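Fold and geometry: a report
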2 protein chains.
Amino acid sequence: MKEIQSIAVLASRFSALPSVGRKTALRYAYAVIDMSDDEVNAFCAALRDVKENVRLCDVCGNFTDADVCDFCRTRQKKQICVVSYPKDIAAIENSGAFDGVYHVLHGTLSPMDNRTPDDLNIKSLVGRLDGVEEVIIATNPDVEGEATAVYLARLIKPLGVKVTRIAQGISMGSELEYADAVTLSQALGRRTAL
Amino acid sequence: MKEIQSIAVLASRFSALPSVGRKTALRYAYAVIDMSDDEVNAFCAALRDVKENVRLCDVCGNFTDADVCDFCRTRQKKQICVVSYPKDIAAIENSGAFDGVYHVLHGTLSPMDNRTPDDLNIKSLVGRLDGVEEVIIATNPDVEGEATAVYLARLIKPLGVKVTRIAQGISMGSELEYADAVTLSQALGRRTAL
């Protein structure tokens, strides 16, 4: 005796979301049955809208719905904060401790997984260093994040730009996305030269 | 500096799912950006498909994509297990301890919330008792579930059908030390001979 086909299919779609297991996916699917037609249509429209309108900023690689993201259009450009993923930007913005622009690598260096500098959004970072005073590296404080930071420091420092790393106030092995605002704010405030 | 509009809208849609908070919703929205067009289209199709094809079984009130659900078509009909919601059926099926049919009330009695017997799927339960030997009441072991069980027992027993209630006690694998007083009191009161 199995789940009804269409419920099972929807549950398997929810399972594709991060950290959603079989039981949670089924719970979500049941919740959809209780939604009104309008709500389901709006859900669909929102899914499609994100796929159609969200693209990467030409300058920094952050998600945007224009050619250039809000940060690149409105912020001071003397400081660039380098992050691994767009979602990390939300965490740093929540801390309120940074008013410069961002650069999103879309990954970290990882010899194990065959991710080399060519696989990351690094070339365009080097191309936008004109007039920049400081590059703050805010990759995760884990092995890959550290390796990426060291690589970037070696690449950028010879070009005469100060390179700093957010302080290790955040505990080793944790993920930036989940850091609380105070910890992140301190980590930014105590950044050290590389 | 806010989230991009379309990401925020999608996140608010995910927030409508049970136990999904702001951060989790945002994480799901970001995951959608990383999906392929085909995956997003399949997601939409699955959402719509559930809304269009899933209806309530004419006999028992369970979700089905036909007129009558699989259980009502294929199972023995001497035992009816009464549950509050369709999702409760999945839990009982997982136990593998029941091979009869179900009846879904779609709620519990609650004078506080003004939910009376007329608001529940009870009339059709009385109408299908012909030839039934036992009605097992498997509502939740809380105040509303107990009240519903008592109401159903008073309604059905005079019709000459045996009415039982799933056993209450400390759950398998739990620790006595952490059991709440009411549960322990009931487990003691309903002790069985070894």
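Residues numbered from 1 in each chain as written. Chains lettered and ligands numbered in written order. Predicted model: local features only at pLDDT ≥ 70, side-chain atom pairs only at ≥ 80, totals over all residues. Heavy atoms only, no water.

1. A look at the pairing of strand β4 (residues 101-104) of chain A
All names here are of chain A. Let me state the cut-off plainly: Buried residues are those whose accessible area, probed at 1.4 Å on protein chains only, stays under 20% of the maximum for their type, while exposed residues exceed 50% and partly exposed ones sit between those limits. Think of it this way: any DSSP run of H or I at least four residues long counts as a helix, any run of E at least two long counts as a strand, and we number them from the N terminus. Here a strand pair is declared whenever DSSP counts at least two bridges between the two strands. A crossover counts as right-handed when, viewed with the strands pointing away from the observer, the path leading from the first strand over the helix to the second turns clockwise.
Here β4 shows a buried face lined by V101 and H103 and a second buried face lined by Y102 and V104. By the bridge criterion, 4 bridges tie strand β3 (residues 79-83) to β4 in an arrangement that is parallel. When the bridges of β4 are listed, V83 appears paired with V104. Once the chain exits β3 it traverses helix α5 (residues 86-95) before rejoining the sheet at β4, and the crossover so formed is right-handed.

2. Structural notes on the confidence of the model for chain A
The following threshold applies: On a range of 0 to 100, pLDDT expresses the predictor's confidence in each residue.
Considering every residue of chain A, the mean pLDDT works out to 89; 94% of them sit at 70 or more. Across chain A, the element-wise mean pLDDT spans from 68 in strand β7 (residues 192-193) of chain A up to 96 in β4 of chain A.

3. Side note on the interface of chain B and chain A
Note the cut-off: We call two residues contacting when some pair of their heavy atoms lies within 4.5 Å. Two parts placed together each lose some accessible area; with a 1.4 Å probe, that loss summed over both constitutes the buried area. Any carboxyl oxygen of Asp or Glu that lies within 4 Å of a side-chain nitrogen of Lys or Arg is treated as forming a salt bridge with it. Contacts described as polar in this section are N or O atom pairs within 3.5 Å, which, within protein, must combine one atom able to donate a hydrogen with one able to accept it, while residues neighboring in sequence count only if both atoms come from side chains. The classification used treats Ala, Val, Leu, Ile, Met, Phe, Trp, Tyr, Cys and Pro as nonpolar, Asp, Glu, Lys and Arg as charged, and all other residues, Gly among them, as polar.
Listed as interface residues are 52 residues of chain B and, on the opposing side, 54 residues of chain A. Taken together, both faces of the contact between chain B and chain A bury some 4900 Å²; the carbon and sulfur share is 71%. Where chain B touches chain A, the interface holds 0 salt bridges. Linking chain B with chain A are 9 residue pairs in polar contact (both at pLDDT 80 or more), by the criterion used here. With 14 residues, the single largest contributor to the side of chain B that touches chain A is helix α3 (residues 37-53) of chain B. Residues that form the side of chain B that touches chain A fall into these classes: 28 nonpolar, 9 polar and 15 charged.

4. Some details on the nonpolar core
Put simply, the test is: Here, nonpolar core refers to any group of buried Ala, Val, Leu, Ile, Met, Phe, Trp, Tyr and Cys residues whose side-chain atoms link them within 4.5 Å.
Within the largest apolar cluster, 48 residues are counted, with the highest numbers of intra-cluster contacts made by I7, F14 and L47 of chain A together with F14 and L47 of chain B. At the level of secondary structure, the elements contributing two or more residues to this core comprise α1 (5-14), α2 (22-33) and α3 (37-53) of chain A together with α1 (5-14), α2 (22-33) and α3 of chain B. Beyond its immediate stretch of four places on either side in the chain, L47 of chain B contacts L10, F14, V32, V40, F43, C44 and L47 of chain A. Counting 21 residues, the second-largest nonpolar core is a separate cluster that includes C69, C72, A138 and L176 of chain A.

5. Observations concerning unusual backbone geometry
Residues and elements named next belong to chain A. A positive phi angle is found at S19, which is not glycine, with a value near 60 degrees. Its location among the elements puts S19 in the loop between α1 and α2. Taking relative accessible area as the criterion, S19 reaches 64% and is therefore assigned exposed.

6. Focus: the pattern of salt bridges
Counted according to the given criterion, the structure contains 14 salt bridges over all chains. For D70 of chain A, the salt bridge identified is with R73 of chain A, shortest N-O distance 2.4 Å. Here R73 of chain A and D70 of chain A lie together in helix α4 (residues 70-74), a separation of 3 residues that amounts to about one turn. You can call D70 of chain A partly exposed: its relative accessible area is 36%. Judged by its relative accessible area of 52%, R73 of chain A falls in the exposed class. A salt bridge links R115 of chain B to E144 of chain B; the shortest N-O distance between them is 3.2 Å. Pair noted here: R115 of chain B is in the loop between β4 (101-104) and α6 (123-126) and E144 of chain B is in helix α7 (residues 143-156), with a separation of 29 residues, a long-range link.

7. Quick notes on the environment of E177 of chain B
Take E177 of chain B: it is sitting in the loop between β6 (162-165) and α8 (181-189). Judged by relative accessible area, E177 of chain B falls into the exposed class, the value being 63%.

8. Some remarks on the packing of α3 of chain A against α3 of chain B
The condition is simple: In this description, a line fitted to the C-alpha atoms serves as the axis of each element, helices being fitted only across the stretch in contact, and the angle between N-to-C directions of two axes falls anywhere from 0 to 180 degrees. Each angle is binned into one of four classes, with values under 35 degrees roughly parallel, values over 145 roughly antiparallel, values of 65 to 115 roughly perpendicular, and all other values oblique.
Here α3 of chain A crosses α3 of chain B at 180 degrees, and the two axes come no closer than 10 Å. It follows from the interaxial angle that α3 of chain A and α3 of chain B lie roughly antiparallel. Judged by residue contacts, D37, V40, N41, F43, C44, L47, R48 and K51 of chain A of α3 of chain A engage D37, V40, N41, F43, C44, L47, R48 and K51 of chain B from α3 of chain B. The residue inventory of the contact of α3 of chain A with α3 of chain B, partitioned by class, reads 8 nonpolar, 2 polar and 6 charged.

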